Amino acid sequence: MTTIDADGDIYEFPYIRPEKLGWVDSWKREIWNPDTRQFFGRTGKSWGGVLIFYVTFFGALAAMFAICMQGLFWVIDDKRPRYILDDSLIGSNPGLGFRPISYEASSGALIWYRAANESDYRHWTDQLDKFLEPYRMPQKLPGGGKNQQVCDFDRPPQEGMVCEVNVKKFQPCTREMGYGFNRSSPCIFIKLNKIYDWMPEFYEKNKLPEDMPDDLKTHILKTNPKEMNQVWVSCRGESPADRENIGPISYIPNQGFPGYYYPYKNVDGYLSPLIAVHLARPQLNTLINIECRAWAKNIAYLYSHGDREGSVHFEVMID
């Protein structure tokens, strides 16, 4: 190896070939080089600079995230939604729901069982047991159910209180009586979906809608005037054949959701009111399509196989 200095003199130096290392020693030197005192190709000072950079970088990200989350929590109320009624995605037109309901998407809204087969009907009654557990055991609710009170039309809930729903008095639609499933006379529980701050507009006796079923009109006309503030419910077979096969229907405890349960304010311990639709003698070995509809001035009704409003559809078949 040669080099030339500033005066033009040429100097020669012997070339020293680097020591050839085996792959194990070469791998060890990649991890720690004792000559340069480098660990994975970096000195301690270099690794310290990398560590300080990433600690500062991720610390700044964490601080920004914490500030954003704190700002979000300041504007969000865990009890009241920011947008309600028509300003919300849910809207102001509540629908109906029913239980029990199949967990299998392929079954849709079908309730199908053999009354003589205990494992068949237990599949449905176990679902009802689970659904009704908060109603039977209010101590499991937030606040332990201590703010529940017995309400009536002349005794609405006090501030911070909610009305109880005593399903133990829903005979024959009780747990002890198997909800009627083992007697081929099942009880289907109907509830009005909760919408924050929604208040029903009630019908007067002299202003009932023309398309309201005659049996419901008769029931309303016989109702005590002070108990008129209810969201009424009617159920019937969807087709003439279904109406013939469905048999007698009774509504327990009443054919309406009392107005003192509304509006829903997301108060701890609140439970949606229920109506048990008791099918006393449905035709066996026959598929029965049933529609239940809610009635109030501000509940719009839309019947469509793809989209329903103000009603719910389910099917019952008992073998």
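Along each chain, numbering runs from 1 in the same order as the chain's sequence is written. Local features in this predicted model are restricted to residues of pLDDT 70 or higher, and side-chain atom pairs are both shown and tallied only at a pLDDT of 80 or more, whereas totals for entire chains, interfaces and linings draw on every residue. Side-chain numbers come from the whole structure's heavy atoms, not from hydrogens or water.

**Quick look at unusual backbone geometry**
So, step 1. A cis amide bond, omega 5°, links Gln171 with the succeeding residue Pro172.
So, step 2. Each helix is a run of H or I in the DSSP string that is no shorter than four residues. Each strand is a run of E no shorter than two, and both are numbered from the N terminus. Its place among the elements puts Pro172 in the loop between β8 (162–163) and β9 (187–192).
So, step 3. Cis geometry is adopted by the peptide bond preceding Pro263, which originates at Tyr262 and carries an omega value of 0°.
So, step 4. Structurally, the position occupied by Pro263 is in the loop between β12 (256–258) and β13 (274–279).
So, step 5. Look at Leu85: it is not a glycine, yet its phi comes out positive at around 50°.
So, step 6. For Leu85, the location among the structural elements is in the loop between α2 (44–75) and β5 (96–99).
So, step 7. Despite not being glycine, Asn285 has its phi angle at roughly 55°, a positive value.
So, step 8. With respect to the helices and strands, the residue Asn285 is situated in the loop between β13 and β14 (288–295).
So, step 9. The class of Asn285 is exposed, set by a relative accessible area of 54%. Under the scheme applied here, a residue whose accessible area is under 20% of the maximum for its type counts as buried, over 50% as exposed, and between as partly exposed, the area being computed with a 1.4 Å probe on protein chains only.

**Focus on the pairing of β13**
So, step 1. For β13, the tally of buried residues reaches 6 of 6 residues, placing the bulk of the element in the interior.
So, step 2. Of the two faces of β13, the one holding Leu274, Ala276 and His278 and the one holding Ile275, Val277 and Leu279 are both buried throughout.
So, step 3. Pairs of strands are assigned from DSSP output, requiring at least two bridges between the strands. When β9 meets β13, the two strands line up antiparallel, connected through 5 bridges. Residue pairing in the sheet places Ile188 in a bridge with Val277 of β13.
So, step 4. Two elements, strand β11 (residues 249–252) and β13, share 4 bridges in a ladder whose sense is antiparallel. Looking at β13, one finds that Tyr251 is bridged to Val277.

**Focus: the layout of surface pockets**
So, step 1. Grid points spaced at 1 Å over the protein atoms alone were grouped into cavities, where a 1.4 Å probe fits but cannot get out, and pockets, open sets with protein on both sides within 12 Å along at least five of seven lines, with lining residues defined by an atom within 4 Å of a point. Grid points are joined across faces, edges and corners, and a volume is the space filled by probe spheres set on the points. For the largest pocket, the calculated volume is near 450 Å³.
So, step 2. Together, 22 residues line the largest pocket, and Glu164, Pro253, Pro258, Tyr260 and Tyr261 are the ones closest to its centre.
So, step 3. Elements that contribute at least two residues to the lining of the largest pocket include exactly β12 and β13.
So, step 4. Amino acid classes used here: Ala, Val, Leu, Ile, Met, Phe, Trp, Tyr, Cys and Pro are nonpolar; Asp, Glu, Lys and Arg are charged; the rest, including Gly, are polar. Here the residues of the lining of the largest pocket sort into 13 nonpolar, 4 polar and 5 charged.
So, step 5. Volume-wise, the second largest pocket comes out at about 280 Å³.
So, step 6. Forming the walls of the second largest pocket are 17 residues, and the residues nearest its centre are Pro157, Met161, Pro263, Lys265 and Val267.
So, step 7. Tallied by class, residues from the lining of the second largest pocket come to 12 nonpolar, 3 polar and 2 charged.

**Re the sheet that holds β11**
So, step 1. Taken together, 4 strands build an open sheet; the order of strands is β5-β9-β13-β11 and the sheet is antiparallel. Because the sheet does not close on itself, it has two edges, and the strands there are β5 and β11. Recorded for the sheet is a direction-independent mean angle of 30° between the axes of neighbouring strands.
So, step 2. We call two residues in contact when some of their heavy atoms are within 4.5 Å. Axis definition: a line fit to C-alpha positions, over the contact stretch in the case of helices; interaxial angles, taken between N-to-C directions, run 0 to 180 degrees. Helix α3 (residues 118–136) contacts β5, β9 and β13 of the sheet and is inclined by roughly 50° relative to β9.

**Some words on the packing of aromatic side chains**
Any aromatic ring pair is given by two values, namely how distant the centres are and how the planes are angled relative to each other.
So, step 1. The pairing test for Phe, Tyr and Trp rings, Trp by its six-membered ring, is centres within 6.5 Å, and the orientation test on the planes gives stacked under 30 degrees, edge-to-face over 60, and tilted for anything in between. Overall, the coordinates contain 14 aromatic pairs when judged by the stated rule.
So, step 2. Ring geometry for Tyr179 and Phe189: centres 6.0 Å apart, planes at 85°, overall edge-to-face. Placement of Tyr179 in the loop between β8 and β9 and of Phe189 in strand β9 is noted, with a sequence separation of 10 residues between them.
So, step 3. Classification of Tyr179 as buried rests on a relative accessible area of 1%.
So, step 4. Overall, Phe189 belongs to the buried group, its relative accessible area being 1%.
So, step 5. Here the guanidinium or amino end of Arg293 rests over the ring plane of Trp295, the centre of that ring lying 3.6 Å away.
So, step 6. In this scheme, Lys NZ or Arg CZ marks a charge over a ring once it lies within 6 Å of the ring centre and within 35 degrees of the ring normal. Note that Arg293 overlies the ring of Tyr301, its terminal NZ or CZ placed 3.9 Å from the centroid.

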